[in-house]
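Coordinate inspection notes
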Amino acid sequence: MCGRVTVRTSPAQLVAELELAGARATLERERFNLCPTQLLPVVPNDGARLLDVFRWGLIPSWAKDASIGNKLINARGETVAEKPSFRSALKRRRCLVVVDGWYEWKQTTKPKTPYLFHRRDGKPLALAGLWEEWTAPDTGEVLRTCTIITTGPNALMAPIHDRMPVILSQEAQAVWLRPEPQEAAVLLPLLVPAQDAPLEAYEVARVVNSPANDGPECVERVAA
């Protein structure tokens, strides 16, 4: 799964790197340990090409309450076109989830060992995501929420975990952000493991295990 990410790149840099038209909303500060239920930077496929922020944890429009979002932080690429929680969003409501790294824990060590995955050049990653708009039945509050699509591991990821987020190439981003409904046959071939070459992973301190910790110490490399 993909359950913790970093967003240290400034909103202005994200807009420039992704060649966006601007920003509708942005994070208020750098995030070194961003967790589910918090706001994530996204680019929705509404045709505007604007950076925005949606809550992490998809709440389908038909959900009775918001708690389902806690379970829908990821969507498996292999089944996303079939699951009731995701299939409509896959066709109509896609987004880029824009981060610059994600954490994963090596399961074979005791205690589990955290690693940070990121691009060697420090550039942001455009992850394949889905979004929904949900209205709370009791208050009328409107929430825009999102999930990150995962796939099997590439060679870099495989020794650490059996899942990784889908990282979209520039060409794939253009397809993913089409505002018109798209068939699964067009989209599913994009949901594949990223090439290893631009990516790097290194061990970080277990301080990242606690969601309460969200400072630079989370991303510091543990000496070999």
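Residues numbered from 1 in each chain as written. Predicted model: local features only at pLDDT ≥ 70, side-chain atom pairs only at ≥ 80, totals over all residues. Heavy atoms only, no water.

An unreviewed UniProt entry lists the chain under the name Abasic site processing protein, with Corallococcus terminator given as the organism. UniProt's Sequence similarities (unreviewed entry) comment on the chain is quoted here verbatim: "Belongs to the SOS response-associated peptidase family." (UniProt positions renumbered as here; feature names shortened; annotations may be inferred.)

With respect to the helices, strands and loops of the structure, Asp214 is situated in the segment after strand S13 (199–203). Engagement of the side chain of Asp214 in a polar contact is seen with the side chain of Arg29, the distance being 2.9 Å. Excluding residues within four positions of it along the chain, Asp214 makes contact with Arg29, Arg31, Phe32, Asn33 and Leu34. (Helix = DSSP H or I, 4+ residues; strand = E, 2+ residues; numbered from the N terminus. Polar contact = N/O pair within 3.5 Å; in protein donor to acceptor, adjacent residues only side chain to side chain. Contact = heavy atoms within 4.5 Å.)

Moving on, we get to the state of the cysteines. What the rule picks out here adds up to zero disulfides. Cys146 provides the cysteine sulfur closest to Cys95, a residue in no disulfide bond, and the two sulfurs are 5.3 Å apart. (Disulfide = S-S within 2.5 Å.)

The element strand S8 (residues 101–106) is largely enclosed, with a buried count of five among its six residues. Bridge count for strand S1 (residues 5–7) against S8 is two bridges, and the pairing is antiparallel. Pairing of Thr6 across the sheet is with Gly101, part of S8. Hairpin geometry of S8 and strand S9 (residues 113–119) is characterised by an intervening segment of six residues between the two adjacent antiparallel strands. (Buried < 20%, exposed > 50% of the residue type's maximum accessible area, 1.4 Å probe, protein only. Pairing = 2+ DSSP bridges.)

Below, the discussion takes up unusual backbone geometry. Cis geometry is found at the peptide bond from Lys110 to Pro111, where omega equals -5°. Inspection of the secondary structure puts Pro111 in the loop between S8 and S9. The phi torsion at Glu19 lies on the positive side, around 55°, for a residue other than glycine. Assignment of secondary structure puts Glu19 in the loop between helix H1 (11–17) and strand S2 (22–23). On the basis of relative accessible area, Glu19 is assigned to the exposed category, the value being 55%. At Thr37, a residue that is not glycine, the phi angle is positive and equals roughly 80°. Counting through the fold element by element, Thr37 comes out in the loop between strand S3 (31–34) and strand S4 (39–44). When its relative accessible area of 40% is taken as the criterion, Thr37 is described as partly exposed.

Looking now at the packing of aromatic side chains. One pass over the structure, following the stated rule, counts three aromatic pairs. Ring geometry for Trp102 and Phe117: centres 5.1 Å apart, planes at 15°, overall stacked. Residue Trp102 is found in strand S8, and its partner Phe117 is found in strand S9; the two are separated by 15 residues along the sequence. Note on Phe117: relative accessible area 1%, which makes it buried. Ring geometry for Tyr103 versus Trp105: centroids 6.4 Å apart, planes at 45°, classification tilted. Note that Arg221 overlies the ring of Tyr202, its terminal NZ or CZ placed 4.1 Å from the centroid. (Phe/Tyr/Trp six-rings, centres within 6.5 Å; stacked < 30°, edge-to-face > 60°. Lys NZ or Arg CZ within 6 Å of the ring centre and 35° of its normal.)

Tallied over the full model, the rule gives 11 salt bridges. A salt bridge links Arg31 to Asp214, with the shortest nitrogen-to-oxygen separation between them at 2.6 Å. Separated by 183 residues along the polypeptide, Arg31 in strand S3 and Asp214 in the segment after S13 bring together distant segments of the chain. Relative accessible area serves as the criterion here: at 15%, Asp214 is assigned to the buried category. Put simply, Arg221 and Glu200 hold a salt bridge, and the shortest N to O gap is 3.5 Å. With Arg221 in the segment after S13 and Glu200 in strand S13, this pair connects stretches of sequence that are 21 residues apart. The class for Glu200 is buried, based on a relative accessible area of 19%. Here the salt bridges share partners, and the residues they tie into one network are Arg24, Asp46 and Asp52. (Salt bridge = Lys/Arg side-chain N within 4 Å of Asp/Glu carboxyl O.)

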